[in-house]
Amino acid sequence: DLVLDPLNNRTATVLGQGLFAARRYDEAIAILQPYLAAHPNDGDSAGNLGQAYLMKGDFETARKICESVPDFWADHWCLAITYDKLGRRADSDRMLAKMKAVYGEAASYQYATIYAQRGEAATALNWLDSAVRVGDPGIEYLKTDPLIDPLRKEPRFQAIETKLDFPL
C-alpha cells in the first residue's frame, strides 16, 4: 500500500509500527524517516521513529526526533523514556507529568512502558493493571511491544497477559 499511496500517513505509520513490533528497527526507520522528512509535523510518525532509534540505543537521535514536534502526546511519551536513558530524570519526570495532567488514566499503558523502560517493574505493572481496568486501547500492543519487554518474565505480567487471553 505504501507504494500505491506514499503520501498516506496511516500506511507509513502502521507499517513502521509493525516493523517496530517485530524488532526490525532499521526497517522501521527506513519507512518512517522519509515520510517524516516530507511531513515534519506528523507527531505520530515522529514518535514512532524516535522510539525505533530509542530501541536501537541511539538516544541522542531519538531525542532530536521526538523534540521536533513539541506538544504532541507521542513525542512526550518518547521523550519521557529517552530523557531517562540520557540520564535526564527531571526532564523525563516533566514529560511524564505533562502526559498524566492531560490524559490521566487514559494513557495507563503508555505510562507502563515508560516505567518498564526505567526499570521500575512494580510501578509499570500497577499501570498495566490500570490499563486493563480502564480499557486503555494501548493494551492491544502488550503481546508484541518491545517497550514492555523488561516485564515479560514477571509473574504478575504473565498473569495480566493470561487474563487478557490474547490469541497465540
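A short tour of the structure in this document, coming up. Because the structure is predicted, anything quoted here is derived from the model rather than measured.

1. Describing the overall build of the protein chain
No. 1: Summing up its helical and strand segments, the protein chain has nine helices and zero strands in all.
No. 2: Taken from N to C terminus, the helices and strands of the protein chain fall in the order α-α-α-α-α-α-α-α-α.
No. 3: Taking 15 Å as the expected radius of gyration for a compact globule of 168 residues, we find that the protein chain reaches 15 Å, a close match to that expectation.
No. 4: When the backbone C-alpha atoms are referred to their principal axes, the protein chain occupies close to 40 × 40 × 25 Å.
No. 5: Among the 168 residues that make up the protein chain, the fraction classed as buried is 45%.
No. 6: Within the protein chain, contacts between residues at least 6 apart in sequence are counted, and of these 53% link residues at least 24 apart.

2. A closer look at the packing of aromatic side chains
No. 1: Summed over the entire model, instances satisfying the criterion amount to four aromatic pairs.
No. 2: A ring pair is formed by Tyr111 and Trp127, whose centres lie 4.7 Å apart and whose planes are at 75 degrees; its orientation type is edge-to-face. Of this pair, Tyr111 sits in helix 7 (residues 108-118) while Trp127 is found in helix 8 (residues 121-134), placing the two residues 16 residues apart along the sequence.
No. 3: Note on Trp127: relative accessible area 18%, which makes it buried.
No. 4: Every member of this aromatic cluster is reached through a ring pair, and the members are Phe72, Trp73 and Trp77.

About the thresholds
- Residues numbered from 1 in each chain as written.
- Predicted model: local features only at pLDDT ≥ 70, side-chain atom pairs only at ≥ 80, totals over all residues.
- Heavy atoms only, no water.
- Helix = DSSP H or I, 4+ residues; strand = E, 2+ residues; numbered from the N terminus.
- Rg over C-alpha atoms; globule rule 2.2 N^0.38 Å.
- Buried < 20%, exposed > 50% of the residue type's maximum accessible area, 1.4 Å probe, protein only.
- Contact = heavy atoms within 4.5 Å.
- Phe/Tyr/Trp six-rings, centres within 6.5 Å; stacked < 30°, edge-to-face > 60°.

By themselves, these are just geometric observations and shouldn't be taken as functional.
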